[in-house]
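So the chains spell out like this:
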Amino acid sequence: TACRNSAHVMAGNAYLAGFAQQYNRKVTIVPTTIDIAKYTLRKKTQIEVPVIGWTGSFSTVPYLDTIRGALIRLARSRRFRLRVVGTPEYRLEGVDVQASAWRADTEVGDLRAIDIGLMPLPDDAWSRGKCGLKALQYMGLGIPAVVSPVGVNSSIVKDGENGYIATTEDEWVAKLDLLLSSPELRQKIGAVGRLTVEQEYSAQVHAPRIFNI
């Protein structure tokens, strides 16, 4: 009903646009955007223990649970800390976990402490409609992201160029291990990810499009 009664529909990705076009001829894809004036790059200090991070909400913690096995396996050979933003408590056998509730006023600062960002998703209709915000948040801060190839994630992330894509547990372990082993690679991938956001997913780029619509 909302799509049918709207003068114009702005959809966050092609999957959602396809649905809206069944009910409205005026549909434009406008991706999720990042305010690059807020999500700024800062030089990282030398660290002893790299941080793998995930951000979300209590309702989306089950997405992180889908790669529990990979993180447990990885912790047997690599030292890292898992930072979970979105729930005050999260436990994982053999993994050093730091969990905290999501807060709007500290969100960017909480993400800055991350060296590698996670965005695992199940391949279902709900997830295909997601617009890649987590990946774009990491990339906007120059943090390399490892994502599931579900929905728009496959368009945002080019495997091995501006981030990494992982499907199986073995792939999650391998991609994360690769990034944990090389601060230089993390910096390189993160820099290309930031450029992707600046050129294709920044509020500064898409605000004029929205104004015109």
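Reference entry: report on the structure contained in this document. Everything numeric here is computed off the predicted structure, so don't read it as measured data. (Residues numbered from 1 in each chain as written. Predicted model: local features only at pLDDT ≥ 70, side-chain atom pairs only at ≥ 80, totals over all residues. Heavy atoms only, no water.)

Brief notes about helix 9 (residues 169–180)
Here's step 1: With twelve residues, helix 9 should cover 16 Å at 1.5 Å per step; its first-to-last C-alpha distance of 16 Å lies within 8% of that length.
Here's step 2: Contacts made by the buried residues of helix 9 are with strand 3 (51–55), helix 4 (68–75), strand 6 (116–119), strand 7 (145–147), strand 8 (164–165) and helix 10 (183–200). (Helix = DSSP H or I, 4+ residues; strand = E, 2+ residues; numbered from the N terminus. Expected span 1.5 Å × (residues − 1). Contact = heavy atoms within 4.5 Å.)

Quick word on the nonpolar core
Here's step 1: Among the nonpolar cores identified, the biggest contains 51 residues, and Ile52, Leu71, Leu82, Leu118 and Leu176 are the most heavily contacted of them.
Here's step 2: Residue contacts for Leu118: discarding those within four places in its chain leaves Ile52, Gly53, Trp54, Leu64, Ile67, Leu71, Leu82, Lys134, Tyr138, Val146, Trp172 and Leu176. (Core = buried A, V, L, I, M, F, W, Y, C linked by side-chain atoms within 4.5 Å. Buried < 20%, exposed > 50% of the residue type's maximum accessible area, 1.4 Å probe, protein only.)

Some points on the pattern of salt bridges
Here's step 1: Inspection of the entire model under this criterion finds ten salt bridges.
Here's step 2: In this structure, the salt-bridge partner of Arg81 is Asp96, at a minimum N-O distance of 3.2 Å. Residue Arg81 is located in strand 4 (residues 81–85), and its partner Asp96 is located in strand 5 (residues 96–100); the two are separated by 15 residues in the primary sequence.
Here's step 3: Overall, the relative accessible area of 28% leaves Arg81 in the partly exposed class.
Here's step 4: Lys175 is paired through a salt bridge with Asp159; the nearest N and O atoms lie 3.3 Å apart. One end of the pair, Lys175, is in helix 9; the other, Asp159, is in the loop between helix 8 (153–156) and strand 8, and 16 residues separate them in sequence. (Salt bridge = Lys/Arg side-chain N within 4 Å of Asp/Glu carboxyl O.)

Some remarks on the environment of Glu169
Here's step 1: Note that Glu169 resides in helix 9.
Here's step 2: Accessibility expressed as a relative area gives 39% for Glu169, which makes it partly exposed.
Here's step 3: Separated by 134 residues in the primary sequence, Glu169 and Asp35 place their C-alpha atoms 33 Å from one another.
Here's step 4: Once residues within four sequence positions are removed from consideration, Glu169 is found in contact with Gly69, Ala70 and Arg73.

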